[in-house]
Amino acid sequence: MLLFFATTLFAQKKPMYTTTYEKGNGNQTATYQETIDYFKLLDKDFESIKMIEMGPTDSGEPLRIVIFNPDKNFDFAEIRKTKAILLLNNGIHPGEPDGIDATMMLYRDLATGKITAPKNTVIVNIPVYNIGGMLNRNSNTRANQNGPESYGFRGNERNYDLNRDFVKSDTKNSRSFAQIFHTVKPDIFIDNHVSNGADYQYVFTYIATHHQKLGGNLGNYFKKDMIPEILASLKAKKIDATPYVNIHDEKPDGGFEQFMDSPRYSTGYASMFDVPGSMPETHMLKEYALRVKVTYEYMLESLNYIEKNHTAIKEMRAANRDNYLPGMKYPLQWAVDSAQVTLLPFKGYEGDYKTSEITGQPRLFYDRSKPFEKIVKYYQTYHPTLEVTIPQSYIIPKAWYTIIELLKINNIQMYPLEKDIDIEVESYRIEDYQTTTYAYEGHYPHSDTKIIIKKEKVHFTKGDFVIDTQQPGVKYLLETLEPQAVDSYFNWNFFDSILQQKEYFSAYVFEDTAAKLLKDNPALKAEFEAKKKQDTDFAKSAETQLDWVYIHSVHYEKTHMQYPVYRKMK
Ligand SMILES: [Zn+2]
């Protein structure tokens, strides 16, 4: 009796903290409520764990972060004085829930002492980022995935892919993420996913943020030291890894390129703030239990690495800003350097083509009875195809408050002008751009944006904002405010109102004005006549010719195509 009583007491004192995933058949993942309840329980029972409610999401539910710090200190300003911070993000694509289940177990194992708690690293995790997607639970939307039995949906409550939303921030999720990111100020970031695409032997694949975009010694360190050492410790646990097999509907044998994670993606966003990030992409055709296991081990080995190298990582991050000083060049666009090849040992399956039962056309299939290990060509090196000189500061008229607001959400420091003033700046006119003809993530984004640069004195008024580039968000400023950058606010349609002309002319009225203008201005007339000679379409179209004269007259509005963000070079 006494013995029974003691055992009961013991059991009450030390519950097992078994997760939904562990309770199940290995092919089941926690629901949203189970996940939050689990972290609530850990928060209640362990002083080292604290869950905090953060900003809202589109679903109406708030985002949460869960902190693990054995020192029981949850003040980030205090923590970062001595420790490194690892931020984990889960459930951005809730159909890919491996990280959700793995992180629940990792926190439990840290809190209970099953694994040694780190002394120099604090872990923060967002248990579920796409809450709306996770609540939209089903068993069918991951058509090519081997489990779990049911899971959430990729799109959020408003059908946005949150892993394209880090710059344009259409969702409340993204805005709340920025708040979390700049409160936590992580040193390392991991965003857990499951892959799509080719078949091969690996359970674990990963996207490491592009080292060149990360920049300088930090980028080299991440590529040459940190990632290889973490992968070596996985290998010691018999977990093989390959870089994300960035190829779709083709065999990987022919080689593939490293994924360039532009700022719209989670790791691309982190990179703008000198935070090395990675996306584990477990292979969708492998059993769920195997995928959860490798995700767990990757997070654990990353933690172990940070624990040993926390000082070096923090120092390199701080030093990285020196690579982005005014007057230096900053690459806005990149292309793969096909001359730089890494020979990558790759464990695949023989792929071949046979006739499709459906279409009668050749279709790809992989033969799992024929595994191979081959050397494939891997292209990791990119070269800049467009660069810009980093200005001293940007100046944005206060009227562009949607931009100001986004910059502020991203912790960009700025100050308002105290009085009206003329300032010598570089200004951009938009010369040309392409626009997609299909909806993409709530936008019709632009690309191939061309600009004309002009030095001029511009009149600014009291309250317009000056933004010094010499701050931790320097790369964020360049990537969003330079219209030619891949994920610029311009390309994401934030400045579309400048693309439309507001006033026009009636030809019969303007004819006489145009004639006088050319008569009074021989140089303009010469230019006009030359254009007529060179350009036959122009010569044939009365409307285009009149329009040309209009654009070269004082009547043409200055605001049309005038990009309203200015660059102060000194
Ligand atoms: Zn994903």
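As annotated in an unreviewed UniProt entry, the protein is Peptidase M14 carboxypeptidase A domain-containing protein from Flavobacterium rivuli WB 3.3-2 = DSM 21788.

(A) How the structure looks around the overall build of the protein. Broken down by element type, the protein carries 17 helices and 20 strands. By its C-alpha atoms, the protein is 110 × 65 × 40 Å across when sized along the principal axes. Taking all 570 residues of the protein together, the buried fraction comes to 54%. Counting only contacts in the protein whose residues sit at least 6 apart along the sequence, the fraction spanning at least 24 positions is 79%. Accessible area for the protein stands at about 26300 Å²; split by element, carbon and sulfur atoms hold 52% of it.

(B) Molecular detail of the nonpolar core. Leu407, Tyr489 and Phe495 are the most contacted members of the largest nonpolar core, which totals 120 residues. Here this core takes twelve residues from helix 11 (residues 288-320), the largest share from any one element. Each of domain 1 (34-321) and domain 3 (390-500 + 563-568) accounts for three or more of the residues forming this core. Setting aside residues no more than four positions away along its own chain, Phe495 makes contact with Trp400, Ile403, Tyr489, Phe490, Tyr563, Pro564 and Val565. Counting 13 residues, the second largest nonpolar core, distinct from the first, contains Tyr202, Val245, Ile247 and Tyr349.

(C) Local environment of the side chain of Glu456. The topology assignment puts Glu456 in strand 18 (residues 446-460). At 2.6 Å, the side chain of Glu456 and the side chain of Ser427 are in polar contact. With near-sequence residues (within four places) excluded, Glu456 lies in contact with Ile423, Glu424, Val425, Ser427 and Gln562.

(D) Structural detail: the coordination of the zinc ion. Bound to the zinc ion are the protein donor atoms His93 (ND1), Glu96 (OE), Glu96 (OE) and His193 (ND1), situated 2.0 to 2.8 Å from the metal. Every donor counted, the four donor atoms about the zinc ion form angles of 51 to 153° at the centre, which fits irregular coordination. The sequence pattern describing where the donors of the zinc ion fall on their chain is H-x2-E-x96-H. Here Glu96, found in the loop between strand 3 (84-89) and helix 5 (98-111), pairs with His193, found in strand 6 (residues 193-194); they are 97 residues apart in sequence, far enough to count as distant. Taking the relative accessible area as the measure of exposure, Glu96 reaches 3% and is therefore buried.

(E) Just the sheet that holds strand 12 (residues 342-355), in detail. Across the sheet, three strands lie side by side as 9-13-12; this open sheet has mixed pairing. Here the strands that pair on one side only, and so sit at the sheet edges, are strand 9 (256-257) and strand 12. Of the strand pairs in this sheet, strand 9 and strand 13 (residues 362-379) are connected by two bridges, and their pairing is parallel. Considered in strand 13, the bridge of Phe256 is made with Tyr378.

(F) Focus on the pattern of salt bridges. Going through the model one piece at a time under the given rule, you end up with 43 salt bridges. The salt bridge involving Asp161 is made with Arg164; its shortest N-O contact spans 3.8 Å. By relative accessible area, which is 6% here, Asp161 ends up buried. One salt bridge in this structure joins Asp199 and Arg368, with 2.8 Å as the shortest N-O distance. Separated by 169 residues along the polypeptide, Asp199 in the loop between strand 6 and strand 7 (204-208) and Arg368 in strand 13 bring together distant segments of the chain.

(G) Summary view of the packing of aromatic side chains. The final tally for this structure, using the stated rule, is 45 aromatic pairs. The interplanar angle of 70° and the centroid separation of 5.9 Å between the aromatic rings of Tyr200 and Phe346 together place this pair among those described as edge-to-face. On the criterion of sequence distance, the pair formed by Tyr200 in the loop between strand 6 and strand 7 and Phe346 in strand 12 is long-range, its members being 146 residues apart. Like Phe346, Tyr200 is buried. The rings of Tyr129, Phe166, Phe177, Phe181, Phe189, Tyr269, Phe273, Tyr476, Tyr489 and Phe494 are connected pair by pair, giving a single aromatic cluster. Taking NZ or CZ as reference, Lys168 lies 5.5 Å from the ring centre of Trp492, over its face. Directly above the ring of Phe365 sits Lys354, whose terminal nitrogen or CZ lies 4.6 Å from the centroid.

(H) Geometry of the confidence of the model for the protein. On average, residues of the protein score 96 in pLDDT, and 97% of them reach the 70 mark or higher. This stretch, residues 4-12, has a pLDDT under 50; its non-local contacts, to residues over four places away or in other chains, come to zero contacts.

(I) How the structure looks around the domain arrangement of the protein. Annotation of the protein at the domain level lists domain 1 (34-321), domain 2 (342-383), domain 3 (390-500 + 563-568) and domain 4 (507-551). The centre of domain 1, based on its C-alpha atoms, is set 31 Å off from the matching centre of domain 3. Contacts between domain 1 and domain 3 engage 23 residues on the former and 22 residues on the latter. For the pair domain 1 and domain 3, the two sides together bury roughly 2000 Å², of which 53% comes from carbon and sulfur. For the domain 1 face of the interface with domain 3, the top three residues by lost area are Val167, Lys168 and Arg321, together amounting to 30%. Remark: the boundary between domain 1 and domain 3 carries four salt bridges. Residues Glu479 and Lys213 are paired through a salt bridge, measuring 2.6 Å at the closest nitrogen-oxygen approach. Those elements that place two or more of their residues in the side of domain 1 that touches domain 3 are helix 7 (172-184), helix 8 (211-214) and helix 10 (266-272). Of the residues that constitute the side of domain 1 that touches domain 3, the class distribution is eight nonpolar, five polar and ten charged.

What counts, and where the lines are drawn
Within any chain, residue numbers begin from 1 and follow the written order of that chain's sequence. Owing to the predicted nature of the model, reporting of local features is limited to residues with pLDDT of at least 70; listing and counting of side-chain atom pairs is limited to 80 or more, with chain, interface and lining totals taken over all residues. Hydrogens and waters are ignored; side-chain quantities use all the structure's heavy atoms. Per the convention used, a helix needs a DSSP run of H or I reaching at least four residues, while a strand needs a run of E reaching at least two, with both numbered from the N terminus. For every residue, the accessible area (1.4 Å probe, protein chains only) is compared with the maximum for its type, and the residue is labelled buried under 20%, exposed over 50%, or partly exposed between those bounds. Pairs of residues are marked as contacts when any of their non-hydrogen atoms sit within 4.5 Å. All accessible-area figures derive from a Shrake-Rupley calculation using a 1.4 Å probe, and residue coverage is judged against the displayed protein chains alone. As used here, the term nonpolar core means buried Ala, Val, Leu, Ile, Met, Phe, Trp, Tyr and Cys residues forming a set that is joined through side-chain atoms within 4.5 Å. All the domain ranges listed were derived from an automatic or database domain assignment. Two N or O atoms count as a polar contact when they lie within 3.5 Å, although within protein this holds only if one can serve as hydrogen donor and the other as acceptor, and sequence-adjacent residues are included solely when both atoms are side-chain atoms. Coordinating donors are taken to be N, O and S atoms lying within 2.8 Å of the metal, or within 3.2 Å when the metal is Na, K or Ca; because water is excluded from the atom set, some sites may appear incomplete. Geometry is assigned from the angles between donors: four donors with all angles from 85 to 135 degrees make a tetrahedral site, four or six donors whose opposite pairs exceed 155 degrees while the rest stay between 65 and 115 make square planar or octahedral sites respectively, and everything else is labelled irregular. Note: two strands are recorded as paired if DSSP finds a minimum of 2 bridges between them. Should a side-chain nitrogen of Lys or Arg be within 4 Å of a carboxyl oxygen of Asp or Glu, the pair is scored as a salt bridge. Paired rings are identified among Phe, Tyr and Trp, the last through its six-membered ring, by centres lying within 6.5 Å, and are further divided according to the angle between planes into stacked (under 30 degrees), edge-to-face (over 60) and tilted (the rest). In this scheme, the term charge over a ring applies when either NZ of a lysine or CZ of an arginine sits within 6 Å of the ring centre and within 35 degrees of the ring normal. Summary of the metric used: pLDDT quantifies the predictor's per-residue confidence within the range 0 to 100. By convention, the term buried area covers the 1.4 Å-probe accessible surface removed from two parts as they join, with the contributions of both added. Classes in brief: Ala, Val, Leu, Ile, Met, Phe, Trp, Tyr, Cys and Pro nonpolar; Asp, Glu, Lys and Arg charged; the others, Gly included, polar.

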